[in-house]
Amino acid sequence: GHGGEKVREQFEGFDIVFKTQPIGENYPYGTGYAVMQAIDYIEDNSIVVILYGDTPLIRSETIEQLMKSHKENKYDGTILTAFLEDPTGYGRIVRDELGNIVKIVEHKDAKSEEINIKEINSGIYCFNGKLLKYALGKINNDNAQGEYYITDVIKILKDEGHRIGAYVIDDPLEVHGINSRVQLAFCEKIMRKRINEEYMMKGVTIINPENTYIESSVNIGKDSIIYPGTILLGNTTIGEDCIIGENSRIENSNIGNKVEIYSSTITDSTIDDDCHIGPYAHLRPNSHIGRNIKIGNFVEVKNSKIGDNSKAGHLAYIGDADVGKNVNVGCGVVFVNYNGHSKFRTLIEDNAFIGSNSSLVAPVV
């Protein structure tokens, strides 16, 4: 459906079969109908795990425990359940007086006594492959929504004497679904908290975790300090003993050890050890900053390599350049790399001093 191509792109190279559910007036809907699309790929002796795409907080460890419970208890179907103070919108788990699961009732179809049940269906299941296919062939859409519910598979198997069990999750937040931008923001907040706590447990200092955005793909060395407002994205690596100052954004970049970055933006670039960047510097793609380099206020670097011990203190543009070691780039220096049609490179050799307000019109050595 909507955004399907983006999903495929994220899993390019994985051994995954994608099925698109048909839409239109002649096609029914519902979770059961969605699972039917995969029926040709379900083997009789398999264990089938069914997950929702809009429940992003579920942990892999929880899925493993669900499968373990399913196998050890020899269940034919296992439901991942949770207890919620406000179960509005969720299907209810109906049990008998002995605690055995009788059925799952959707919120819109629940009777008055069922509405008050706190145990909810997360929508995540384990099934025996052969029995799942059998039950899918028997469900119908005779309900308030006119849809095929996967929950009806539970009732069919239960009524025919098969073993149905539940694995109750410890943290109900893991099954929090997303149906609005408000719920999306809520889940993102939880995910940020998880990620930041994991970094802190590994020896990273995060001054204000609630105001720091770090993606799970980032690697940060121990004893580095991350200040509020920092955004670390993609395949970014931060070394040890670094300071990432307030309101810095770093994406797909490699940062060495003992680097200080303040209020700056860095994209697709590399910074070696002992550098000082910012405040308000901008490193655009394919910038390689050597060791012990200062890139100061309002300095922009693009597609350039700067050698060790060089510095550009303030208000300079370094584009398409190879700058040597021990070079000073003064205030107001512009590397004029573009003539309106083509771009050219500038070469600055070691120990050069480029004074203030100089324009270097490429190609130039």
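The present account deals with the structure reproduced in this document. (Residues numbered from 1 in each chain as written. Predicted model: local features only at pLDDT ≥ 70, side-chain atom pairs only at ≥ 80, totals over all residues. Heavy atoms only, no water.)

**Quick look at the layout of surface pockets**
- Within this model, the largest pocket holds a volume of roughly 2,400 Å³.
- Lining the largest pocket are 50 residues; nearest its centre among them are Val7, Leu51, Tyr52, Gly53 and Asp54.
- The dominant element in the lining of the largest pocket, judged by the number of residues it contributes, is helix α7 (residues 181–201), at 6 residues.
- Residues of the lining of the largest pocket, tallied by class, amount to 27 nonpolar, 14 polar and 9 charged.
- Counted as a void, the second largest pocket has a volume near 890 Å³.
- In terms of lining residues, the second largest pocket is bounded by 31 residues, among which Tyr52, Gly89, Tyr90, Glu106 and Asn179 are the most central.
- Breaking the lining of the second largest pocket down by element, the ones donating at least two residues are α2 (31–36) and β5 (119–128).
- With 3 residues, β5 is the single largest residue contributor to the lining of the second largest pocket.
- Grouping the constituent residues of the lining of the second largest pocket by class yields 10 nonpolar, 17 polar and 4 charged. (1 Å grid on protein atoms, 1.4 Å probe; cavity = no way out; pocket = protein on both sides within 12 Å on 5 of 7 lines; lining within 4 Å. Points joined across faces, edges and corners; volume = space filled by probe spheres on them. Helix = DSSP H or I, 4+ residues; strand = E, 2+ residues; numbered from the N terminus. Nonpolar A, V, L, I, M, F, W, Y, C, P; charged D, E, K, R; others polar.)

**A closer look at the sheet that holds strand β24 (residues 305–306)**
- The sheet built from 8 strands is open, its strands ordered β9-β12-β15-β18-β21-β24-β27-β30 with parallel pairing. Among the strands making up the open sheet, the edge pair consists of β9 (219–220) and β30 (346–348).
- Bridge count for strand β27 (residues 321–323) against β30 is 3 bridges, and the pairing is parallel. Its bridge partner lying in β30, alanine 321 is registered against threonine 346. (Pairing = 2+ DSSP bridges.)

**Describing the sheet that holds strand β31 (residues 353–354)**
- Taken together, 9 strands build an open sheet; the order of strands is β7-β10-β13-β16-β19-β22-β25-β28-β31 and the sheet is parallel. The two strands at the open ends of the sheet, each matched to only one other strand, are β7 (205–206) and β31.
- Pairing analysis gives 2 bridges linking strand β28 (residues 328–329) to β31, with the strands arranged parallel. Bridge pairing in β31 links valine 329 to isoleucine 354.

Structural measurements only, silent on function.
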